Structure formats: structure tokens, C-alpha cells
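Tertiary structure, described
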Amino acid sequence: MSGAATPTSPNQRLTHLRRLQRRLAACRACQDAGLLARANPIAGDQGLRQLMLLGQAPGRHSDAAGVPFAGPSGRQIERWLRQAGFAEGALRRDVYLTSVTRCDPGKSRAGAGDRPPGRDEQALCAHWWRAELALLRPAVLLLCGRLALAQFYPPRPLEALVGTWRREGDTWLLPLPHPSGVSRWLNDPGHRALVDRALAQLAEWRVALALDRERGEAASGDADG
Ligand code: SF4
């Protein structure tokens, strides 16, 4: 994106997004730097959306399927979206799914859950999701988990952030926990109440900001032009 004119129309933005997704799919930066044994960026095939979600990193299900949030985390987000009043299938239709890094970091050494991507991986990958954010200019950005939250907030406990929201530029930031089934944070009823509060706000925005109305799809035929 650097040095290029900022795209303005939906057609232009979608064309730039498709180019970005193709370049991302070919990225091997972490493999070349010796940080990953095998790079396999999960770029997805997604268009412009009003609602964007920033997660941590793809897991093994996404690595195998080639689509973001293909495993249990995706199903949890779909349940959250349904709670906020979105129709079935909203995960793939109404949300642009991205993450702090885009290749599966593999399992943690302790064997419980996925390894969080390291600082070097985060630094190498940040330009991808930042470019997506700049192109989409979403009305709402869901920040799922500590790593996503750390991109926008100073270090704070999850319970101090979930259930709050703030505006950054034209975008509302809405903190949520990581949707992974291994997160024990969600076992606490008080924490689940914070998630309910966040999803009630998302439900308000869904209506007020038309988050479940797709944008830019009419331009998809021009995307690769
Ligand atoms: S994690 Fe990001 S920067 Fe690293 S190889 Fe994958 S796409 Fe490239």
C-alpha cells in the first residue's frame, strides 16, 4: 500500500484487497527468518465488510482447510453472532476475519492449546492486518483475545476490557475473550456476563450501523481487473 494512492470507491478498495490477499498467500517471511518450519498464510477469500474481527492466529483446522476460523473458535464466534441477532452463517457472510499472525504457529510446548505467536512473528505480520483494516475501514472491530487487544490497549486484565468499548477514528473497538474452547476465562459466570454485555452492544450496532448488510459485493466482478 505504501506510495500508492489511497483507494476510495468500493470497487477500488475491493481490487486492492484482492491483490493484498494474493500477496499475503505467498508470504514466507517467518519461514525465511527461521521462525516457522512451514509458512502457510490463511488469507481467506473475503470481500469488504462493515464488521471485522482480529484474532490471534490460525490453528490446525484453518491450516488444513485454508480458511480462517475453520475450527471450534469459528463455531464459538458464530454462536456469539447469533446471540447478537445475526442470521445463521454470519461468520462467513458478515465478518471479515483476520488475525495478528496468519500462519499456524503450532501447539504450545506444554501441549495445552496453540502456541501464541512470538514477538518477531507479530512484527513481521502486522502490516498485513493493518493494511486490511485500512482498506476495510470497518464500522466495528471485534478484538478477540489478549494478543488482539494488545494491539490497541495497554496491558490490562481481560475482565477490565470485555464489556467496554471505545471509538478509534471511524471504528468502534469491541473487546472479547479468545473464543478457543481451552479458555478457562469463560467458565466464570461474571466473565460470561461481561461477554453478554459486549454482545448486547454488538446487537445495537448491528441494527444502527447495518453490520449484516454486505458491502462491495456488486464490485466483485471487477476485483481482479
Ligand atoms: S505469519 Fe505472517 S509474516 Fe509470518 S509467514 Fe505467515 S503471513 Fe508471513
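Residues numbered from 1 in each chain as written. Predicted model: local features only at pLDDT ≥ 70, side-chain atom pairs only at ≥ 80, totals over all residues. Heavy atoms only, no water.

Another aspect to go through is the overall build of the protein chain. Check the secondary structure of the protein chain and you find nine helices and five strands. Counting from the amino terminus, the protein chain carries its helices and strands in the arrangement α-α-β-α-α-α-β-α-β-α-α-β-β-α. The C-alpha radius of gyration computed for the protein chain amounts to 17 Å, which stays within 12% of the reference 17 Å derived for 225 residues, consistent with globular compactness. Counting only C-alpha atoms, the protein chain reaches 50 × 45 × 30 Å along its principal axes. The contacts in the protein chain between residues at least 6 apart in sequence include a share of 70% that link residues at least 24 apart. Looking at the protein chain as shown, the accessible area adds up to about 10900 Å², and 50% of this sits on carbon and sulfur atoms. Between the centroid of the 31 positive side chains of the protein chain and the centroid of its 22 negative side chains there is a distance of 2 Å. (Helix = DSSP H or I, 4+ residues; strand = E, 2+ residues; numbered from the N terminus. Rg over C-alpha atoms; globule rule 2.2 N^0.38 Å. Contact = heavy atoms within 4.5 Å. Areas by Shrake-Rupley, 256 points an atom, 1.4 Å probe, with all protein chains shown as cover. Lys, Arg positive; Asp, Glu negative; His and termini not counted. Charge placed at Lys NZ, Arg CZ, Asp CG, Glu CD.)

So, about helix α9 (residues 189-208). The terminal C-alpha atoms of α9 lie 29 Å apart, and with 20 residues this matches the ideal 28 Å at 1.5 Å per residue to within 8%. On its buried side, α9 packs onto β1 (51-55), α4 (72-83), β3 (140-144), α8 (158-161) and β5 (171-176). In this structure Asp188 caps α9, since a side-chain oxygen of it lies 2.6 Å from the backbone nitrogen of Gly190. Directly after α9, the chain includes Ala210, whose backbone phi takes a positive value near 50 degrees. (Expected span 1.5 Å × (residues − 1). Polar contact = N/O pair within 3.5 Å; in protein donor to acceptor, adjacent residues only side chain to side chain.)

Turning our attention to the pairing of β5. In terms of residue burial, β5 counts as a mostly covered element, since five of its six residues are buried. Across three bridges, the pairing between strand β4 (residues 166-168) and β5 is antiparallel. What sits directly across from Arg167, in β5, is Trp172. What sits between β4 and β5 in their antiparallel hairpin is a turn of two residues, with Gly169 showing a positive phi close to 65 degrees. (Buried < 20%, exposed > 50% of the residue type's maximum accessible area, 1.4 Å probe, protein only. Pairing = 2+ DSSP bridges.)

Residues in contact with the ligand, as listed here, are Leu24, Cys27, Arg28, Ala29, Cys30, Ala39, Pro41, Arg102, Cys103, Leu124 and Cys125. According to the grid-proximity analysis, the pocket containing the ligand is the largest cavity. Where the shell around the ligand is concerned, the elements lending two or more residues are α2 (29-32) and α6 (119-136). Looking at the shell around the ligand residue by residue, the classes come out as nine nonpolar, no polar and two charged. (Near = heavy atom within 4 Å. 1 Å grid on protein atoms, 1.4 Å probe; cavity = no way out; pocket = protein on both sides within 12 Å on 5 of 7 lines; lining within 4 Å. Sits in = over half its atoms within 2 Å of the grid points. Nonpolar A, V, L, I, M, F, W, Y, C, P; charged D, E, K, R; others polar.)

Enumeration according to the criterion identifies one cavity of 30 Å³ or more in this entry. Each pocket or cavity is described by its volume, and for the largest cavity that value is around 90 Å³. Looking at the largest cavity, it is lined by 15 residues, and the ones nearest its centre are Cys27, Cys30, Arg102, Cys103 and Cys125. Elements that contribute at least two residues to the lining of the largest cavity include exactly α2 and α6. A total of four residues in the lining of the largest cavity trace back to one element, the largest contributor, which is α6. For the lining of the largest cavity, a count of residues per class yields eleven nonpolar, one polar and three charged. (Points joined across faces, edges and corners; volume = space filled by probe spheres on them.)

Per-chain confidence: the protein chain averages 90 in pLDDT, with 90% of residues scoring 70 or above. Low confidence marks residues 216-225, where pLDDT is under 50. Its contacts with residues over four positions away, or in another chain, come to 19 contacts. (pLDDT = per-residue confidence, 0-100.)

Right, let's get into helix α1 (residues 10-25). The end-to-end C-alpha separation of α1 is 22 Å, in line with the 22 Å expected for 16 residues at 1.5 Å each. Those residues of α1 that sit buried are Arg13, Leu14, Thr15, His16, Leu17, Arg18, Leu20, Gln21 and Leu24. Packed against the buried residues of α1 are β2 (95-99) and α6.

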